[in-house]
Amino acid sequence: MSAAVTFWIASGLILLGMLIMSAAIYGMIRLPDLYTRLHAASKAAVLGVLPLLIAISMTGDPAIIFRAILIGFFLLFTTPVAAHAIAQAAYARGELMQTPGARDESGLGLATKPAPAGQASNPERSAERSKTEH
Amino acid sequence: MGVAMTIFLIAIGWTALLLGVCGWVTIRASSLTMRILGLETFTLILVALLVLFAHLRQQAFYLDAAFFLILLSFTGTLAAARYHGTWKVFS
């Protein structure tokens, strides 16, 4: 592969990573509660760093490639565990679910806002529930 | 200044901006759990910045720093989240 093609692919990957990370931060600001923010931050931030690691691997230096692969694997394995621990802590502390239409199936009553009028929180579940009730 | 340098400078500037916004979100967070999440994300963006520097300078030691940062962040997040949720780090 020529150097010019490698350069443009690496640049595209860097811009893609920036875009995904921006989406993660936008999600952290815009989403209503911790559970949904966790979704945005943990997934999008990791998926934003991975294209950068692929871009840096295209340099061809074995020392950099080895470290980039190590970081990529470590990120893929540790971030879900950390996100799970944060979600578990939030749930144990009774952090409220403020997304409209969210359902807390444990019965602790953490869901605070009902779905908007005329809109079921989860249409499939609502249909199943109405079948079992009747 | 070449195209490559321009792209890297834009990427580094944008990442630094994201870092600032993430820091602001962390400081203004409504709960401690949200702050833990903010710090975790802050570290991930810092890792992205270090990866960009490694690419710019073609030096592997920036990646060593990034790796140890991830390691520290993971341990710290796990300990903080467990302590905040159950008041004990080890079960």
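Since this is a predicted model, take the numbers as computed values, not measurements. Residue indices follow the written sequence of each chain, beginning from 1 at its first position. A letter from A marks each chain and a number from 1 marks each ligand, given out in the order of writing. Two thresholds apply to this predicted model, a pLDDT of at least 70 for residue-level local features and 80 or more for giving and counting side-chain atom pairs, whereas whole-chain, interface and lining totals are computed over all residues. Here the side-chain values reflect all heavy atoms present in the structure, with hydrogen atoms and water set aside.

### Structural notes on the overall build of chain A
Secondary structure counts use DSSP, requiring at least four H or I residues in a row for a helix and at least two E residues in a row for a strand, with both numbered from the N terminus. A tally of helices and strands in chain A yields four helices and zero strands. Ordering the α and β elements of chain A from the N terminus gives α-α-α-α. Note on exposure labels: buried denotes an accessible area under 20% of the residue type's maximum, exposed denotes more than 50%, and partly exposed covers the range between, all computed with a 1.4 Å probe on protein chains only. A buried classification covers 37% of the 134 residues belonging to chain A. Any pair of residues with heavy atoms lying within 4.5 Å of one another is described as a contacting pair. Intrachain contacts of chain A at a sequence separation of at least 6 include 46% that bridge at least 24 residues. Reported accessibility uses the Shrake-Rupley method at a 1.4 Å probe radius. Residues are deemed covered only where the shown protein chains occlude them. Per element, the accessible surface of chain A, about 7,500 Å² overall, is 66% carbon and sulfur.

### As for the packing of aromatic side chains
Working definition: a ring pair exists when centres of Phe, Tyr or Trp rings (six-membered ring for Trp) sit within 6.5 Å. Plane angles under 30 degrees give stacked, over 60 give edge-to-face, the rest tilted. The final tally for this structure, using the stated rule, is seven aromatic pairs over all chains. Considering the side-chain rings of Phe 73 of chain A and Phe 77 of chain A, the 6.3 Å spacing of their centres and the 15 degrees angle between planes classify their relative orientation as stacked. A residue pair is termed a helical-turn pair when its members lie 3 or 4 positions apart in one helix, as Phe 73 of chain A and Phe 77 of chain A do in helix H3 (residues 62-92) at four residues. Owing to a relative accessible area of 60%, Phe 77 of chain A belongs among the exposed residues under this scheme. Joined through ring pairs, the aromatic side chains of Phe 74 of chain A together with Phe 67, Phe 68 and Phe 74 of chain B make up one cluster.

### Describing the interface of chain A and chain B
Residue-level contacts link 42 residues of chain A with 43 residues of chain B. As used here, buried area is the combined drop in accessible area, with a 1.4 Å probe, of two parts when they are placed together. Interface of chain A and chain B: buried area, both sides summed, is about 3,800 Å²; carbon and sulfur atoms make up 84% of it. The term salt bridge refers to a pairing of a side-chain nitrogen on Lys or Arg with a carboxyl oxygen on Asp or Glu at a separation within 4 Å. In this structure, the connection of chain A to chain B is made through one salt bridge. Measuring nitrogen to oxygen at the nearest pair gives 2.5 Å for the salt bridge that ties Arg 67 of chain A to Asp 64 of chain B. For the side of chain A that touches chain B, the elements supplying multiple residues, two or more each, are helix H1 (3-30), helix H2 (34-57) and H3 of chain A. Considering every element that reaches the side of chain A that touches chain B, the biggest residue donor is H3 of chain A, with 17 residues. Following the grouping adopted for this structure description, the nonpolar residues are Ala, Val, Leu, Ile, Met, Phe, Trp, Tyr, Cys and Pro, the charged ones are Asp, Glu, Lys and Arg, and the polar ones are all others, Gly among them. In the side of chain A that touches chain B, the residues fall into 33 nonpolar, five polar and four charged.

### Concerning the confidence of the model for chain B
Along the chain, pLDDT gives the predictor's confidence residue by residue, from 0 to 100. Taken residue by residue, chain B gives an average pLDDT of 90. The fraction at 70 or more is 98%. The lowest-confidence element of chain B is helix H1 (residues 3-27) of chain B, averaging 91 in pLDDT; the highest-confidence one is helix H2 (residues 32-57) of chain B, averaging 93.

### Thoughts on the packing of H2 of chain B against helix H3 (residues 61-86) of chain B
Residue and element names in this part refer to chain B. Only the stretch in contact is used when a helix axis is fitted, and all axes are lines through C-alpha atoms; the angle between N-to-C directions ranges over 0 to 180 degrees. At a minimum axis distance of 9 Å, the contact between H2 and H3 shows a crossing angle of 175 degrees. Overall, the two elements H2 and H3 adopt an arrangement that is roughly antiparallel. The segment H2 lies against H3, with Leu 32, Thr 33, Ile 36, Glu 40, Thr 43, Leu 46, Val 47, Leu 50, Val 51, Phe 53, Ala 54 and Arg 57 engaging Tyr 62, Leu 63, Ala 65, Ala 66, Leu 69, Ile 70, Ser 73, Thr 77, Ala 80, Ala 81 and His 84. The residue inventory of the contact of H2 with H3, partitioned by class, reads 16 nonpolar, five polar and two charged. Comment on the angle field: the value is read as roughly parallel under 35 degrees, roughly antiparallel over 145, roughly perpendicular from 65 to 115, and oblique elsewhere.

### What about empty space enclosed by the protein?
Over the atoms rolls a probe the size of a water molecule, and its path tells where empty space is left. With a 1 Å grid laid over protein atoms only, a set of points is called a cavity when a 1.4 Å probe fits there but cannot get out and a pocket when it is open yet has protein on both sides within 12 Å along at least five of seven lines; lining residues have an atom within 4 Å of a point. Grid points are joined across faces, edges and corners, and a volume is the space filled by probe spheres set on the points. Using the criterion set out here, one finds two cavities of 30 Å³ or more in the structure. Size it by volume and the largest cavity reaches roughly 70 Å³. Around the largest cavity, the lining residues are Leu 75, Thr 78 and Thr 79 of chain A together with Glu 40, Thr 43, Leu 44, Val 47, Ile 70, Ser 73 and Phe 74 of chain B. At the level of secondary structure, the elements contributing two or more residues to the lining of the largest cavity comprise H3 of chain A together with H2 and H3 of chain B. The element that contributes the greatest number of residues to the lining of the largest cavity is H2 of chain B, accounting for four residues. Of the residues assigned to the lining of the largest cavity, the class counts are five nonpolar, four polar and one charged. The computed volume of the second largest cavity comes to approximately 50 Å³. Forming the walls of the second largest cavity are Leu 38, Ala 41, Ser 42, Thr 79, Ala 83 and Ile 86 of chain A together with Leu 37, Glu 40, Thr 41 and Leu 44 of chain B. Of all elements in the fold, only H2 and H3 of chain A together with H2 of chain B reach the threshold of two or more residues within the lining of the second largest cavity. Tallying contributions element by element places H2 of chain B first for the lining of the second largest cavity, with four residues. Partitioning the lining of the second largest cavity into residue classes produces six nonpolar, three polar and one charged.

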